[in-house]
Amino acid sequence: MKNEMIYEGKAKRLYTTDNAGVLLLEFKDSLTAFNAQKRGSFAGKGSINRDVAAHIFKELKKKGIESHFLREVGEREMEVRRVRIIPLEVVVRNVLAGSTAKKMGRDEGEPLPRPLVEFYYKDDALADPFLSDDQAIVLGIATAEQIAILKQKALEINQVLQGLFQAVGIQLIDFKVEFGTPSESEGDIVLADEITPDCCRLWDAKSGERLDKDRFRRDLGRVEESYSEVLKRLTNSSGHRFVPGGR
Ligand code: TMP
């Protein structure tokens, strides 16, 4: 049962349920970029993202990676374990793009010699500033042990996601994840939030076409079609490899 709304973000709402350890996460149709300076939406976006996130959480679980996901509810919601979010956005990059390419004055699309893990401090008022590992630890955002766990988990997630997307003809350029600690056992860090085209860069492996939120950020058009395409490829693939151009 959906009770009180306890949080409303740019793309999701969070509600309490009758079970104190379980929350209901609702995916909205809205879409924002540049710290919500740019706003948009399309009908069905919440449902697509819920389905993509649920699919990915289930696939991660098969590989032994725990998340807050419990089960799908209705069209645009999922039950999740109540966790305390660690206020760090953990970004993994396989190919240089976005803010790090811009910061370094380098072209997007440069493959990196190994996955790069970056931390950003999750604070909208500060526009989520980059934080070094040492800053995160010394400034008391996370312990050294937590930072090591976050890095390791982010890299494990990257491995699984790369395989999942590669199998459906998509190159995983980069993504952002968030983690939390379940309230009953503080030590256990689990993947939380979402993994969807909102927080990943996904390029078609053949054409290089962008199938993610950059279509909205950069006014490239076909936003809805691209999000649907990602869902269709992931969920149609169940077991057999995607053949580009083969359907
Ligand atoms: P960036 O290149 O803009 O730093 O983004 C890196 C990845 O993180 C990209 O896949 C988009 C995702 N991301 C979010 O999910 N939320 C954000 O607020 C930002 C800035 C990026």
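Shown above is the structure to which this text applies.
Owing to the predicted nature of the structure, the values given are computational and were not obtained by experimental measurement.

Colleague: I would appreciate a short explanation of the nonpolar core in the present structure.
Modeller: When a protein is soluble and globular, its nonpolar side chains tend to lie buried together. Ranked by internal contacts, the top residues of the largest apolar core, which has 53 residues, are I56, M78, I157, L161, F165 and I195. Per-element tally for this core: the top contributor is helix α4 (residues 144–166), with 8 residues. Setting aside residues no more than four positions away along its own chain, L161 makes contact with I56, L172, F175 and I195.

Colleague: It is not clear to me how the site of the ligand should be interpreted in this structure. Could you clarify?
Modeller: Neighbouring residues of the ligand: 16 residues in total, closest R93, S99, D174, C199 and R201. Residue R201 places a side-chain N or O atom 2.9 Å away from an oxygen atom belonging to the ligand. Every element with two or more residues in the shell around the ligand is listed here: β9 (88–96), α2 (98–104), β12 (170–177) and β15 (200–204). Grouping the amino acids of the shell around the ligand by side-chain chemistry returns 6 nonpolar, 2 polar and 8 charged.

Colleague: What is the right way to read the pattern of salt bridges from this model?
Modeller: When the charged atoms of two side chains with opposite charge come close together, those side chains can pair. Summed over all chains, the structure comprises 35 salt bridges. The closest approach of N and O atoms between R218 and E108, which form a salt bridge, is 2.8 Å. Residue R218 is found in the loop between α5 (214–217) and α6 (223–236), and its partner E108 is found in the loop between α2 and β10 (110–121); the two are separated by 110 residues along the sequence. Judged by its relative accessible area of 35%, R218 is partly exposed. Ionic pairing is found between K176 and D193, a salt bridge with its closest N-O pair at 3.2 Å. Here K176 is found in strand β12, whereas its partner D193 is found in the loop between β14 (190–191) and β15, with 17 residues between them in sequence.

Colleague: When you look at the sheet that holds strand β3 (residues 22–27) in this model, what are you seeing that I'm missing?
Modeller: As a general point, the strands of a sheet are linked pairwise by backbone hydrogen bonds and lie either parallel or antiparallel. On the basis of which strands lie adjacent, the open sheet formed by 5 strands has the order β1-β2-β3-β7-β6 and antiparallel pairing. Each edge of the open sheet carries a strand with a single partner, namely β1 (5–8) and β6 (69–73). Within the sheet, the average angular offset between the axes of one strand and its neighbour, ignoring direction, is 25 degrees. In this sheet, strand β7 (residues 77–81) lies alongside β3 in antiparallel orientation, the contact comprising 5 bridges. Among the inter-strand pairings, L25 is bridged to a residue of β7, identified as M78. Where helix α1 (residues 45–62) meets the sheet, its contacts fall on β3, β6 and β7, and the angle it forms with β6 comes to roughly 145 degrees.

Colleague: What exactly am I supposed to notice about the packing of α1 against α6 here?
Modeller: Between two packed helices, the angle of one axis relative to the other and the distance separating the axes together describe the packing. Taken N-terminus to C-terminus, the directions of α1 and α6 make an angle of 35 degrees; their axes are 10 Å apart at the nearest point. The way α1 lies across α6 gives a crossing that is left-handed. For the pair α1 and α6, contact is made by K45, I48, N49, D51, V52, H55 and I56 and by Y227, S228, L231, L234 and T235, respectively. Class assignment of the residues belonging to the contact of α1 with α6 gives a composition of 6 nonpolar, 4 polar and 2 charged.

Conventions we followed
- Residues numbered from 1 in each chain as written.
- Predicted model: local features only at pLDDT ≥ 70, side-chain atom pairs only at ≥ 80, totals over all residues.
- Heavy atoms only, no water.
- Core = buried A, V, L, I, M, F, W, Y, C linked by side-chain atoms within 4.5 Å.
- Buried < 20%, exposed > 50% of the residue type's maximum accessible area, 1.4 Å probe, protein only.
- Helix = DSSP H or I, 4+ residues; strand = E, 2+ residues; numbered from the N terminus.
- Contact = heavy atoms within 4.5 Å.
- Near = heavy atom within 4 Å.
- Polar contact = N/O pair within 3.5 Å; in protein donor to acceptor, adjacent residues only side chain to side chain.
- Nonpolar A, V, L, I, M, F, W, Y, C, P; charged D, E, K, R; others polar.
- Salt bridge = Lys/Arg side-chain N within 4 Å of Asp/Glu carboxyl O.
- Pairing = 2+ DSSP bridges.
- Axes fitted to C-alpha atoms, helices over the stretch in contact; angles between N-to-C directions.
- Left-handed = near helix turned anticlockwise from the far one by under 90°.

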